[in-house]
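Per-entry structural report
Now for the letters of each chain:
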Amino acid sequence: MADVAFKETVAWPQCKSALSTNTRRTEQINELVEARLKNLSVEQKVAQLIQAELASIKPDDVRRFGLGSILNGGGVSPNANKRASIEDWWNLANEFQSAARESEAGIPIFWGTDAVHGHNNVFSATIFPHNIALGAANDSDLMERLGAVTARDVQDTGIDWVFAPTLAVPCDYRWGRTYEGYSQEPEIVARLGSAMLRGLQGDPASTEFFDENHVLATSKHFVGEGSTRDGIDQGDTFCSEIDLLNIHALGHIAALKAGAQVVMAAFNSWNNEKVHGSSYLLQDVLKGQMGFDGFVVSDWDGFAQLDDDLETACVRSINAGVDMLMVSSDWRGVYERVLNAVTSGEIDAVRLNDAVGRILRVKALRGMLTSNWRLPSTRSKRTLGSKSKRELAREAIRKSLVLLKNSHGLLPLKPGKRIVVVGKSAHDIAQQCGGWTLTWQGTNNVTDDFPDAASIASGIRTKVRDAGGTVSFTDEVDADTEADVAIVVFGEEPYAEGEGDLNHLSFSRWDPTALVQMKVLKDLGIPVVALFLTGRPRWINPELNASDAFVVCWLPGTQGGAVADVIFKDGADTVRCDFAGRLPFSWPLDSSLTSIDRDSNQRDSYLPVGYGLSYEDKVSFEQLTELDETTGTSLRGPSFSGSYNYPNP
Ligand code: GLC
């Protein structure tokens, strides 16, 4: 273990799942794996450790080399066609599986994909809210249902492995992956993440586990990614081992206990040592003390960051405990270098057999080592989009919205009024989906890429027109604008990973457009409802001051029409559903702050975790008004009489 600032001995917990208590099945699988291992050549064993990216591999390569796995990176699809159909995905998966069966070793491959908010790489799939929204909803049952639907969608395209859930505990909002985390609270991450994993894989104690309606999930990224210095993606996390365990590993512990069979190593370093090369964390802690008996997959070329020499990097990573290498393009070069290292003894036979054995055990769990295993081609060719999935997505959105401010009880709105909707974001499906949507960054997508979607604007239009009201849409208000109320929709543009890293959180410094519109509306005496699309807390004091009601919509996915279900009364002057979302992260109200508040005693500088209004809360009108709009100052405590009913029991 690298020379660390903290000298301590920490006992990591044993993390056994129901899988390991089924000793009969374990014995059968171990026998199957041992028998298979004995018949594999060194070349065939090394091939099982390689995961090749779809754009760099052909079925014939799999037939010739017998690789263990393939993946499609964010935005990579069959024939580079973003609008590839289910059949295109399915047929390609069948080609690869047939090639694997025809290879000398005859071992089926795993196909991995980032279905992190629905089957988000595939055209016409229902895209669910990103994890930060699900953290605000904080509903374990909903997580399992989202996971189960996602698993069936993934299976319908012939794919059997999902690189989800992300179990990060983001601590600095400048990090571009904050929205992939559920919460700053490790307990919430553990509860929601393990529920998602159960939905994806099925209950490990039941026959549904890994059946044809479930997929292999991934406990990612192990460990400590959310606390890198300055929130720099793939940076260095400095913390004590006890904090690494109690904050950053809690989600992984819960995932392993829920039956996770794959852990993805994290890009970051811990106290100056890259996790991909840390035998202490991967062998001693994860596989030793925690008893993890599945396999560790590297992140995207994560192993190559260990050394400029590729063979040295592969050796260090595999000897540290990485079992499968996720290769962005040069899978043949990595294969040959690992083969060299095994031949030279730099990777010894014990380590090689351990790594291959772990991979084969998971394939055996899925029934892939039986001779008659086939992709379940008997699957009815379901359509990815469906009414029930749209309803599930709408339920998740309704539960995730957080009401920060509601002066004069402006919300819920009467739909029969004159409404003006301001801003391009009201119509932008790609923006409401965020990163990891059809493309890696979620950019370069147009409305027609989402045949089954509903914008925030469409939901408002339907609600108002059904009630006999009038609604108009504009990107820019002026002195002639007339309305009873204005709804200003604005937010972050899509991003993923380090592309989303920030050096400050002020939103209006990045894009003042919405603030300008809000001020014009205020001068016209038109009340303003702000709807904010964001992957993280941002500093928005100016926008809070300029609006009468403020709703955080996070990144809701394709069914943004559901926002109208909560902000409007039903025609009958009743409220269809109240705000239920509560902040999963403390929200900074001082523009000099960039990270979370774990002490929750800085009441003047943050809205705390669990904050969120509901309609029945009697909130004094002074709440969240006249906030200081300069750097480094803080807020008069919000005079709020509601209860912070969070986290839910
Ligand atoms: C990316 C991400 C990881 C993802 C993988 C495959 O770099 O870090 O979360 O699963 O590559 O797309």
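Everything here concerns the structure above.
Conventions adopted
Counting restarts for each chain, with residues numbered from 1 along the sequence as it is written. The predicted nature of this model means local features are confined to residues of pLDDT at least 70 and side-chain atom pairs, given and counted, to a pLDDT of 80 or more, with totals for whole chains, interfaces and linings taken over all residues. With hydrogens and water stripped out, all remaining heavy atoms of the structure feed into the side-chain values. For two strands to count as paired, DSSP must find a minimum of two bridges between them. Under the scheme used here, helices are H or I runs from DSSP no shorter than 4 residues and strands are E runs no shorter than 2 residues, and both carry numbers assigned from the N terminus. Cysteine sulfur atoms that pair up within 2.5 Å are treated as a disulfide. Note on exposure labels: buried denotes an accessible area under 20% of the residue type's maximum, exposed denotes more than 50%, and partly exposed covers the range between, all computed with a 1.4 Å probe on protein chains only. Here a residue-residue contact requires only that any non-hydrogen atoms of the pair lie within 4.5 Å. Angles here are taken between N-to-C directions and fall from 0 to 180 degrees, while the axes themselves are lines fitted to C-alpha atoms, restricted in helices to the stretch in contact. By definition here, a salt bridge exists when the distance from a side-chain nitrogen of Lys or Arg to a carboxyl oxygen of Asp or Glu is within 4 Å. We call two N or O atoms a polar contact when they sit within 3.5 Å, provided that within protein one can donate a hydrogen and the other can accept it, with sequence-adjacent residues counted only if both atoms are side-chain atoms.

Section: the sheet that holds strand 9 (residues 273–274)
- Reading across from one edge, 6-8-9 is the order of the 3 strands in this open sheet, with mixed pairing throughout. A single partner strand is all that each edge strand has here, and the edge strands are strand 6 (236–237) and strand 9.
- With 2 bridges joining them, strand 6 and strand 8 (residues 269–270) adopt parallel strand pairing. Following the sheet pairing, Asp 236 is matched in strand 8 by Ser 269.

Examining the state of the cysteines
- A complete count under the given rule lists 0 disulfides for this structure.
- The structure places no disulfide on Cys 239, whose sulfur is separated from the nearest cysteine sulfur, that of Cys 171, by 8.9 Å.
- The class for Cys 239 is buried, based on a relative accessible area of 8%.
- Cysteine Cys 553 remains unbridged, with the sulfur of Cys 577 as its closest cysteine sulfur at 13 Å.
- Residue classification places Cys 553 among the buried residues on the basis of a relative accessible area of 0%.

Observations regarding the sheet that holds strand 1 (residues 50–53)
- What the 5 strands build is an open sheet, ordered 4-3-2-1-11; its pairing is parallel. The open sheet has two edge strands, strand 4 (161–162) and strand 11 (325–327), and neither has a second partner.
- Where strand 1 and strand 2 (residues 69–72) come together, 3 bridges link them in parallel fashion. Bridging across to strand 2, Ala 52 finds its partner in Ile 70.
- Running at roughly 145 degrees to strand 3 (residues 110–113), helix 5 (residues 86–102) makes contact with strand 2 and strand 3 of the sheet.

With respect to the pattern of salt bridges
- The final tally for this structure, using the stated rule, is 34 salt bridges.
- Between Asp 114 and Lys 220 there is a salt bridge, with the nearest N and O atoms lying 3.2 Å from each other. Taken together, the residues Asp 114 in the loop between strand 3 and helix 6 (131–137) and Lys 220 in strand 5 (residues 219–222) connect sequence positions 106 residues apart.
- Residue classification places Asp 114 among the buried positions, given a relative accessible area of 7%.
- Taking relative accessible area as the criterion, Lys 220 reaches 2% and is therefore assigned buried.
- Because the salt bridges share partners, they merge into one network encompassing Glu 391, Arg 394, Arg 398, Lys 463, Asp 565 and Asp 570.

Concerning the side chain of Ser 328
- Tracing the chain through its elements places Ser 328 in the loop between strand 11 and helix 13 (331–344).
- Judged by its relative accessible area of 18%, Ser 328 falls in the buried class.
- Separated by 2.4 Å, the side chains of Ser 328 and Asp 301 make a polar contact.
- Every residue in contact with Ser 328, bar those within four places of it in the chain, is listed here: Glu 53, Ser 56, Trp 300 and Asp 301.

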